[in-house]
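# Understanding the architecture of this molecule
One letter stands for each residue in the lines below.
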Amino acid sequence: MISIALMFADNRFGYVDNIRYGIGFLTAPIYWLSDAPSVITNAFDDSFLARSELVERNKQLELKLLVAQNELRLLENVAFENSRLLELDQSASAIFGEVSPAEIINISPDLSSKRVLINKGVLDDVVRGQAVLDANGLMGQVDQVMPTTSWVLLITDSHHQTPVEVNRNGERALARGSSNRPGQLELEFVTASQDIVVGDKLVSSGMGSVFPKNYPVGEVETIVRNPGQNFLAVTVRPFAKLDSTRLVLLVKGSPSERVDLIKTESVGASIEREF
Amino acid sequence: MRPGLTAASYFSGFCIFVVASIFSIIPLPLWVVNFRPEFVPMVIIYWVSALPLRVSVGTAWFLGLFLDVLEGSVLGINGLGLVLVAYFASSQHRRFRMLKSSQQATIVAIVIALYLVFSHWLRVINGESIYDGFSYLFGSLTSGLLWPLLVYFFSFIRSFSPR
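Here the residue index of a chain counts from 1 through its sequence in written order. Each chain gets a letter, beginning with A, and each ligand a number, beginning with 1, in the order they are written. It should be noted that, the model being predicted, local features are given only for residues of pLDDT at least 70 and side-chain atom pairs only at 80 or more, the latter also being counted only at that level, while totals for whole chains, interfaces and linings use all residues. Neither water nor hydrogens contribute to the side-chain values; these are computed over all heavy atoms in the structure.

## Quick look at the overall build of chain A
Going by this rule: Comment: elements are numbered from the N terminus, with helices defined as DSSP H or I runs of at least four residues and strands as E runs of at least two. Whether a residue is buried, partly exposed or exposed follows from its accessible area with a 1.4 Å probe, protein chains only, as a fraction of its type maximum: under 20%, in between, or over 50%, in that order. Contact between two residues is taken to exist if any of their heavy atoms lie within 4.5 Å; hydrogens are not considered. For accessible areas, the Shrake-Rupley method is used with a probe of radius 1.4 Å. Any residue's cover is judged against the shown protein chains and nothing else.
Check the secondary structure of chain A and you find six helices and 12 strands. Here chain A, with 275 residues, has 41% of them falling under the buried criterion. Across chain A, contacts joining residues at least 24 apart in sequence account for 58% of those joining residues at least 6 apart. Element-wise, carbon and sulfur atoms account for 57% of the exposed surface of chain A, whose accessible area totals about 15,300 Å².

## Some details on the overall build of chain B
Helix and strand counts for chain B come out as seven helices and zero strands. Counted from the first residue to the last, chain B has its helices and strands arranged as α-α-α-α-α-α-α. Across the 163 residues that make up chain B, the buried fraction comes to 52%. The long-range fraction of contacts in chain B, counting pairs at least 24 apart against all pairs at least 6 apart in sequence, stands at 69%.

## Focus on the pairing of strand 11 (residues 231–238) of chain A
Residue and element names in this part refer to chain A. This is how it is decided: Strands are labelled as partners when DSSP assigns at least two bridges between them.
Pairing between strand 8 (residues 185–191) and strand 11: five bridges, direction antiparallel. If you follow Val190 over to strand 11, its bridge partner there is Leu232. Two strands pair when backbone bridges link them, and strand 10 (residues 216–224) and strand 11 are joined in this way by six bridges, in the antiparallel orientation. Each bridged residue has a counterpart across the sheet, and for Thr222 the counterpart in strand 11 is Thr235. Here strand 10 folds back onto strand 11, and the loop between the two strands holds six residues, one of which, Gly228, carries a positive phi near 100 degrees.

## Quick look at the interface of chain A and chain B
Going by this rule: The term buried area refers to how much accessible surface (probe radius 1.4 Å) is lost by two components on association, counted for both of them together. Salt bridge, as used here: a side-chain nitrogen of Lys or Arg that lies within 4 Å of a carboxyl oxygen of Asp or Glu. All residues other than Ala, Val, Leu, Ile, Met, Phe, Trp, Tyr, Cys, Pro, Asp, Glu, Lys and Arg, Gly among them, are scored as polar; the first ten of these are nonpolar and the last four charged.
Taken together, the contact between chain A and chain B spans 32 residues of the former and 33 residues of the latter. Together chain A and chain B conceal approximately 2,900 Å² of surface at their shared face, both sides included; 68% is due to carbon and sulfur atoms. For the pair chain A and chain B, the interface holds zero salt bridges. Of all the secondary structure elements, the ones that give two or more residues to the side of chain A that touches chain B are helix 1 (2–13), helix 2 (17–47) and strand 1 (99–107) of chain A. Residues that form the side of chain A that touches chain B fall into these classes: 16 nonpolar, 12 polar and four charged.

## Examining the packing of aromatic side chains
Note on aromatic pairs: each is described by the distance of the centres and the angle between the planes. Residue and element names in this part refer to chain B. For the record, the criterion: The pairing test for Phe, Tyr and Trp rings, Trp by its six-membered ring, is centres within 6.5 Å, and the orientation test on the planes gives stacked under 30 degrees, edge-to-face over 60, and tilted for anything in between.
Under the definition given, this model contains 11 aromatic pairs over all chains. Look at Phe134 and Tyr136: their rings are 6.4 Å apart centre to centre, the planes differ by 35 degrees, and that puts the pair in the tilted class. Of the residues examined, Phe134 reaches a relative accessible area of 51% and is grouped as exposed. A relative accessible area of 18% means that Tyr136 is categorised as buried. Cluster of aromatic residues (ring-pair linked, three or more members): Tyr46, Phe96, Trp147, Phe153 and Phe154.

All we've got here are geometric facts, nothing functional implied.
Shown next as structure tokens:
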């Protein structure tokens, strides 16, 4: 009976977050232990790399950084122009939110729930609802926070919906994690009259103010028209490497704080601050 | 207080539970995930049948709460499942201890299958998991196969404790 009451309390009201937080202190060492094998192998890899290899890799990374910086400048211009054209103050400051790095240290033991554990928690100012990105695209949002760790719900979870838009024409849709094709997204409620074709790039639309605007989400892979069905079946391949990346980025600030930031700051000021 | 239960036995019990819970969350390759043996309910079955006065339903509930936080699931799911396992083990522990190892393994596999069905059902109700086939039940088979090893391991540990 206590269990049932507890489940109900947790699911509906979130009364028991404090209990979870308390026990979270005890679970941290277990996460650390279960992550130890991969940490040790990584450490071995690092220490046995030859110096020449390191130099080579350093060169490559510097080149990449240069390219990335150039792209960033380009992006900055585009965002500036875009916001001027659309007279939308939001877009520019929303892309360039502050980010902090984190590492994935575990995945959900349940196959059908797509969640990962990251090594940052309340003590590192992580809050529920923070957006999580990797180098290629949107990954998910923080679902549960514990003292030094937190669970991230990935965009491919079948209970997660991401508000997206087509970057070509601004058609909006909701991307839900596919339940029968793991690792894929499905667009919901796309009518036959909407202009979405295979190969379209989808970006986050910023609606619901959980995710930053204009961050890449995925690419439309297949579109199936079923006569007799009201909506098209659209599958999307996410850009983020959801099952192979280890380093992720947390977008700083809770969603509501970010909205305040967007409202109060002018575009020019925020871009100057960031760059 | 029975002479066998010293601070050392509590400590070894704690270590065993930590190891069991590490096994329940350690990341595995995709093709083995469904075969993950459920060490925590197995350990609870063993403890309840070996020390029915020490370990019972309440202990199982608290361990389940810990496991819930560890797996990041809704609090109470594993607690409820483990309570059922512990209740079954404590009500049948006299009969259970008389059985041969292979018979015990069969019963453990069945009980863990029930545990998996029940906790999966609770997860689906709580909107945390989805129904997709019965492949998650393979875990009960591996648990049953590993049961004799677990018993051997526990009797090895207990041979150190003073009688």
